[in-house]
Amino acid sequence: MELVGIPESSTPEIAVSPVSKSKYRRVDPKFSEDLGDALNHPLWVERSRITRKYVLACAIFASLNNVLVGYDVGVMSGAIIFIQEDLNITEVQEEVLVGILNIVSLLGSLAGGKTSDLIGRKWTMVLAALVFQIGAATMTIAPSFQILMIGRLLAGVGIGSGVMIAPVYIAEISPPVSRGFLTSFPEIFINVGILLGYVSNYAFSGFSVHINWRIMLAVGILLAVFIGFALFIIPESPRGLVMQNRVDRARSVLLKTIENEEEVEERIMEIQRAAGTVNVDKYEGKVLWHELSSPSSSVRRMLVAGLGIQRFQQITGIDATVYYSPEIFKDAGIESNSSLLAATVTVGVTKTTFILVAIFLIDKLGRKPLLYVSTIGMTVCLFTLGLTLALLGKGQLAIALAILCVCGNVAFFSVGLGPACWVVTSEIFPLRLCAQASALGAVGNRVCSGFVAMTFLSLSREITVGGTFFLFSALLALSVLFVHTLVPETKGKSLEQVE
C-alpha cells in the first residue's frame, strides 16, 4: 500500500522549447505568454497542489521514525530518576545506561548506510522501527540492570539506522525549492518526541517506583508500532530506486513529486549520471569506502564540512541540557521530583516551538545564517548558565536564570544547529557516496552524543556543573569559526548542482 499520487497523464499540454544544456535560453515573448497561460490552467494548478501535498506527506511519514529518537531522549531524563531508585544502580551505571544508546547506535548507522543501498531507504526505516520495538519491550519488562542494558543496546541499533536515513530519503524525494524546509522535518519530530517523553515522565511519575518508569518506556512501543505501519504507505525514493536500477519505478515516483513531465526526464538523467548507472551497472561497496578513506580534494572538503558539523552538533553539549536537565535544575535549587519534571516540560515546549521557526526560515535565509545565529546564541546561553551555577548558588534567582538559559540554549539549537546540520549533511555528498558518508556523519554524531551523556555527571563532579558548561561554551565558540570557514551554502541548488 502506498500514498495515492497524481495521475501521470494529468499535465495540461504545453508547448515547451527544447531543453538545451545551457542554464539560460532565449525565450520568445509569445512563448512566455503561452507558458504563463498554461501555468494558470486549472489542471496545472490542481496538479501542483496535489504534488505539494504528496511530497509533504512523504516527508512527514519518513520523519515519524525520529519521534522514537526524541522520545527516548526525553523519557530517559526522567525515567532514570526512578530506575536508579528501583534497581539501585550506581552513578556510573546511570551514565552508561543513558549514554550507551548513542554509542551503540553507530552500529545501526553504519549498517543503515549499506542496508539502504541494498533494500532501499524506505525498508531500512521500517526495519529500524521494528528493532526499536524489540528493544523497548525488553527494557519495559527488565528485572535487572543487565536485561535493561540488552534492551537499550537493541533500541540503539534501531535509532541509529532511523536517524541516519530519514534526512537522506527526504532530500532525495524533495524539489530543490523546498528541500531545506522538508529535510528539517526529522529534527522537528525529534523535538516532538522529546516533548512527549517529558510529558510522559510528568504524567506517570505518580505511580509506584517499580511501575512508573516501565510505563514511561512502554509508551515508546506503541509509538514504534504506529510509525512502522505509517512507513508502509510511502514510496521508495527516486534516487534509491535508480541505485537499484529500477528506473521505471523511479520515473513513476518523480511524476508524483514534480509538476513538469519534461523535468522528470531531466531529473532521471541527472540522477543516473550522478549515480554512475548510465554506463556502469553499480559501484562496489569496497570502491566507495576506498574513495571515502582516500578522498580527492573535493570529497575531502565535503567530508570535513559534513562530518565536522555533525560532531559539533553534539560535542557542544545539547544532550547534556536535554538528558540531564533535572540534574541542572537540582543544582540550581529545585528539590522535588515533580517540580524537576515540570521544569523539563518547559524545556521540551521551548525546543519544539523554535524548531518551527527554523523550518520556515531555512529555505529563505539559507543554512549558514541560521547556523551563525544558532551557534552564537548557544555560546552566550551556556556561558551565562555556567556563571549562574558557579556564582549564584541555590535560590529562586538561580532557578529562574538556569531555566531561562537552558530554554534559550535549546531554542537557539532548534533554530539552526539542530535542523541545519542534517540538511547540510544530506545535501553536500555525491549520490554514489551519500548513504555511506551520511552513515559516517551519523556515527560521529552518535559517538559525540554518547560521550557527552556518559561523562557529564562524572565531569560535573570534578569541575562542577558550572565549569562543565564553561567548557561547552568554549567548544561552541569554535563551532562559529568552523561554520564560517568550512561549511558551504546549499540553499536553492539541486543535489546534482551541489555535487
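Conventions we followed
Residues numbered from 1 in each chain as written. Predicted model: local features only at pLDDT ≥ 70, side-chain atom pairs only at ≥ 80, totals over all residues. Heavy atoms only, no water. Core = buried A, V, L, I, M, F, W, Y, C linked by side-chain atoms within 4.5 Å. Buried < 20%, exposed > 50% of the residue type's maximum accessible area, 1.4 Å probe, protein only. Helix = DSSP H or I, 4+ residues; strand = E, 2+ residues; numbered from the N terminus. Contact = heavy atoms within 4.5 Å. Patch = residues over 30% accessible without salt bridge, like charges linked within 9 Å, V, L, I, M, F, W, Y side chains within 5 Å. Areas by Shrake-Rupley, 256 points an atom, 1.4 Å probe, with all protein chains shown as cover. Salt bridge = Lys/Arg side-chain N within 4 Å of Asp/Glu carboxyl O. pLDDT = per-residue confidence, 0-100. Expected span 1.5 Å × (residues − 1). Phe/Tyr/Trp six-rings, centres within 6.5 Å; stacked < 30°, edge-to-face > 60°. Disulfide = S-S within 2.5 Å. Axes fitted to C-alpha atoms, helices over the stretch in contact; angles between N-to-C directions. Parallel < 35°, antiparallel > 145°, perpendicular 65-115°, else oblique. Left-handed = near helix turned anticlockwise from the far one by under 90°. Nonpolar A, V, L, I, M, F, W, Y, C, P; charged D, E, K, R; others polar.

1. Brief notes about the nonpolar core
I83, L148, F329, L385, F456 and F469 are the most contacted members of the largest nonpolar core, which has 133 residues in total. Among the elements that line this core, the one with the most residues is helix α19 (residues 396-428), at 16 residues. Filtering out sequence-adjacent residues up to four positions away, F456 remains in contact with E95, A320, Y324, I328, V465, T468, F469 and F472.

2. Quick notes on a nonpolar patch on the surface
Among the surface-exposed residues, L118, I119, W123, L127, L130, I134, I147, I150, L154, V225, F229 and F232 lie close enough to one another that they form a single nonpolar patch of about 1100 Å² accessible area. It is helix α5 (residues 121-140) that provides the largest number of residues to the nonpolar patch, a total of four residues.

3. Some remarks on the confidence of the model for the protein chain
For the protein chain, per-residue confidence averages 79 on the pLDDT scale, and residues scoring 70 or more make up 82% of the total. The lowest-confidence element of the protein chain is helix α1 (residues 29-39), averaging 47 in pLDDT; the highest-confidence one is helix α18 (residues 367-392), averaging 93. Counting contacts from residues 4-32, a segment whose pLDDT is below 50, to residues more than four positions away or on other chains yields 38 contacts. Under a pLDDT of 50 for its full length, residues 277-284 has, in the predicted model, 10 contacts with residues more than four places off or in other chains.

4. Side note on helix α9 (residues 209-231)
Across its 23 residues, α9 extends 35 Å between first and last C-alpha, which sits within 8% of the 33 Å expected from 1.5 Å per residue. Buried residues of α9: N212, W213, R214, M216, L217, G220, A224, I227, G228, A230 and L231, and no others.

5. A look at the packing of aromatic side chains
Within this structure, the stated rule accounts for seven aromatic pairs. Ring centres 5.7 Å apart and planes at 65° place the aromatic pair F469 and F472 in the edge-to-face group. Here F472 and F469 lie together in helix α20 (residues 431-486), a separation of three residues that amounts to about one turn. Neither residue differs from the other here; F469 and F472 are each classed as buried. Grouping aromatic residues by their ring pairs yields a cluster made of Y323, Y324, F456, F469 and F472.

6. Some details on the state of the cysteines
Scanning the entire structure with this criterion turns up zero disulfides. Free of any disulfide, C381 has its nearest neighbouring cysteine sulfur in C405, separated by 6.0 Å. Unpaired in this structure, C407 has its nearest cysteine sulfur neighbour in C405, at a distance of 9.6 Å. Since its relative accessible area comes to 9%, C407 is described here as buried.

7. Section: unusual backbone geometry
Although it is not a glycine, N88 adopts a positive phi angle of roughly 55°. Summarising the element assignment, N88 is placed in the loop between α3 (65-87) and α4 (91-119). For T464, which is not glycine, the phi dihedral falls at a positive 75°. Tracing the backbone shows T464 in helix α20.

8. Some points on the packing of α4 against α5
Interaxial distance between α4 and α5 falls to 7 Å at its minimum, and their mutual angle equals 130°. With respect to each other, α4 and α5 are oriented oblique. In the crossing of α4 with α5, the sense of the turn from one axis to the other is right-handed. In this structure, α4 uses G112, T115, S116, D117 and I119 to contact α5, whose residues at the interface are R121, W123 and T124. For the contact of α4 with α5, the residue count by class is two nonpolar, four polar and two charged.

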